[in-house]
Amino acid sequence: MLHGSQRAVGIIALVFFWSGAASAPAASIASSTHFTVLAPNQRLADTVVQRAETLHLRIGAAWLGRTLPATRTTLPRATTTIYLEIDEERSFARTLVDAPEGGHLVWLVGSQEAITGHLLEHELAHVVLASRFGDSMPIWANEGIASRYDNQRRKIIRQQKLAGFVTMDSWPHLDRLLVGEIRQQWQYAAAVSLTDYLVERGGRTKFIQFVADSTDNIDTALAAHYGIRSLSQLQHQWQQAVREQVSGQQRPTVIATAREAAAPRYVR
Ligand SMILES: [Zn+2]
């Protein structure tokens, strides 16, 4: 078992193998109960390891009602590793669940503000959810929760996508969204909006239970937790909720103008 700097070297090798980068920068290390942080300088490592512990506690309490270990391994002293890289030009974040080293691996690249702020919060939500679901959580719900911690710029982009669904009367098919990858902004917009809709309807605890049950049979889980008969009924109700939300944010003349220019319909 690797400890201290030996373990750090192993993690760095893993990260750079993963990213395809040619060489590793010198790293400072900070450790806590649940996390090991590798950063370009000690101050940043210390800041992020404290912030990670705080977020782990807060997000766990908000969604799971408790704090679970930040790893699922039984290896002693295993932690989730957070690798930080400051880059004003790029913004990149990934969480590798159950990394070969024993814990999860979070990789953050961006401005100092981003990697200590919204990027860290988004990925920490994935770490918390992995402690409950491992890698089996449906991606739409995983991103639907984590994206709630995004910055305002991303939230505005998603709101614009929702407005586009309404004005074009063109909607993502939930039967595909709920089983596929979430990569495009419109997919994030739909996943977050659907998460918000169900959380507002029944609260966070019910949502987590629904997500856990939905992997067996989505229609049965919808009926049991929300009294919704089927996925097609959920599609209808969600679209109506988005229409009302968007119309509440737009002036009537803007909506009328946009509907005149509506494109062909796909799903209603
Ligand atoms: Zn994510």
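A few points on the structure. (Residues numbered from 1 in each chain as written. Predicted model: local features only at pLDDT ≥ 70, side-chain atom pairs only at ≥ 80, totals over all residues. Heavy atoms only, no water.)

The subject of this paragraph is the packing of helix 4 (residues 118–133) against helix 5 (residues 139–146). Running from N to C, helix 4 and helix 5 point in directions that differ by 135 degrees, and their axes come no closer than 8 Å. In terms of their interaxial angle, helix 4 and helix 5 are classed as oblique. As helix 4 runs across helix 5, the sense of the crossing is right-handed. When helix 4 is examined against helix 5, the residues His 122, Ala 125, His 126 and Leu 129 are found in contact with a partner set consisting of Asn 142, Glu 143, Ile 145 and Ala 146. Class assignment of the residues belonging to the contact of helix 4 with helix 5 gives a composition of 4 nonpolar, 3 polar and 1 charged. (Axes fitted to C-alpha atoms, helices over the stretch in contact; angles between N-to-C directions. Helix = DSSP H or I, 4+ residues; strand = E, 2+ residues; numbered from the N terminus. Parallel < 35°, antiparallel > 145°, perpendicular 65-115°, else oblique. Left-handed = near helix turned anticlockwise from the far one by under 90°. Contact = heavy atoms within 4.5 Å. Nonpolar A, V, L, I, M, F, W, Y, C, P; charged D, E, K, R; others polar.)

What follows covers the pattern of salt bridges. The full count for this structure, using the stated rule, is 8 salt bridges. The closest approach of N and O atoms between Asp 87 and Arg 90, which form a salt bridge, is 3.1 Å. Salt bridges sharing common partners tie together Glu 85, Asp 87 and Arg 90. (Salt bridge = Lys/Arg side-chain N within 4 Å of Asp/Glu carboxyl O.)

What follows concerns the sheet that holds strand 3 (residues 80–86). Judged by pairing direction, the sheet is mixed, and its 5 strands sit side by side in the order 1-2-3-5-4 without closing on themselves. Edge positions in the open sheet fall to strand 1 (28–31) and strand 4 (92–96), since each of these has one partner strand only. For this sheet, the mean angle separating the axes of adjacent strands, direction not counted, is 15 degrees. One ladder, built from 4 bridges, connects strand 2 (residues 35–39) with strand 3; its direction is parallel. By the bridge assignment for strand 3, Thr 36 is matched with Thr 81. Its contacts with the sheet place helix 4 against strand 2, strand 3, strand 4 and strand 5 (105–110), and it is angled at close to 15 degrees to strand 4. (Pairing = 2+ DSSP bridges.)

All right, on to unusual backbone geometry then. The phi angle of most residues is negative, glycine excepted, and most peptide bonds adopt the trans form. Although it is not a glycine, Asp 169 adopts a positive phi angle of roughly 50 degrees. With respect to the helices, strands and loops of the structure, Asp 169 is situated in the loop between helix 6 (152–168) and helix 7 (174–177).

Residues Ile 82, Trp 140 and Phe 207 are the most contacted members of the largest nonpolar core, which totals 65 residues. Viewed by domain, this core spans two of them, domain 1 (4–135) and domain 2 (141–260), each represented by three or more residues. (Core = buried A, V, L, I, M, F, W, Y, C linked by side-chain atoms within 4.5 Å. Buried < 20%, exposed > 50% of the residue type's maximum accessible area, 1.4 Å probe, protein only. Domains from an automatic or database assignment.)

Bringing helix 11 (residues 231–249) into the picture now. Helix length check: helix 11 (19 residues) gives 27 Å between terminal C-alpha atoms against 27 Å at 1.5 Å per residue, within 8%. Along helix 11, the residues that are buried comprise Leu 231, Gln 233, Leu 234, Gln 235, Trp 238, Gln 239, Val 242 and Val 246. Along its buried surface, helix 11 packs onto helix 6, helix 7, helix 8 (185–202) and helix 10 (218–226). (Expected span 1.5 Å × (residues − 1).)

Around the zinc ion, the donor atoms from the protein are His 122 (NE2), His 126 (NE2), Glu 143 (OE) and Glu 143 (OE), and they sit 2.1 to 2.6 Å away. Classification of the site at the zinc ion as irregular follows from its 4 donor atoms and the range of 53 to 149 degrees in their angles at the metal. For the zinc ion, the donor residues sit on a single chain with the sequence spacing H-x3-H-x16-E. Taken together, the residues His 122 in helix 4 and Glu 143 in helix 5 connect sequence positions 21 residues apart. For the pair shown, His 122 and Glu 143 are each scored as buried. (Donors = N, O, S within 2.8 Å, 3.2 Å for Na, K, Ca; no water. Tetrahedral: all angles 85-135°; square planar, octahedral: opposite > 155°, others 65-115°.)

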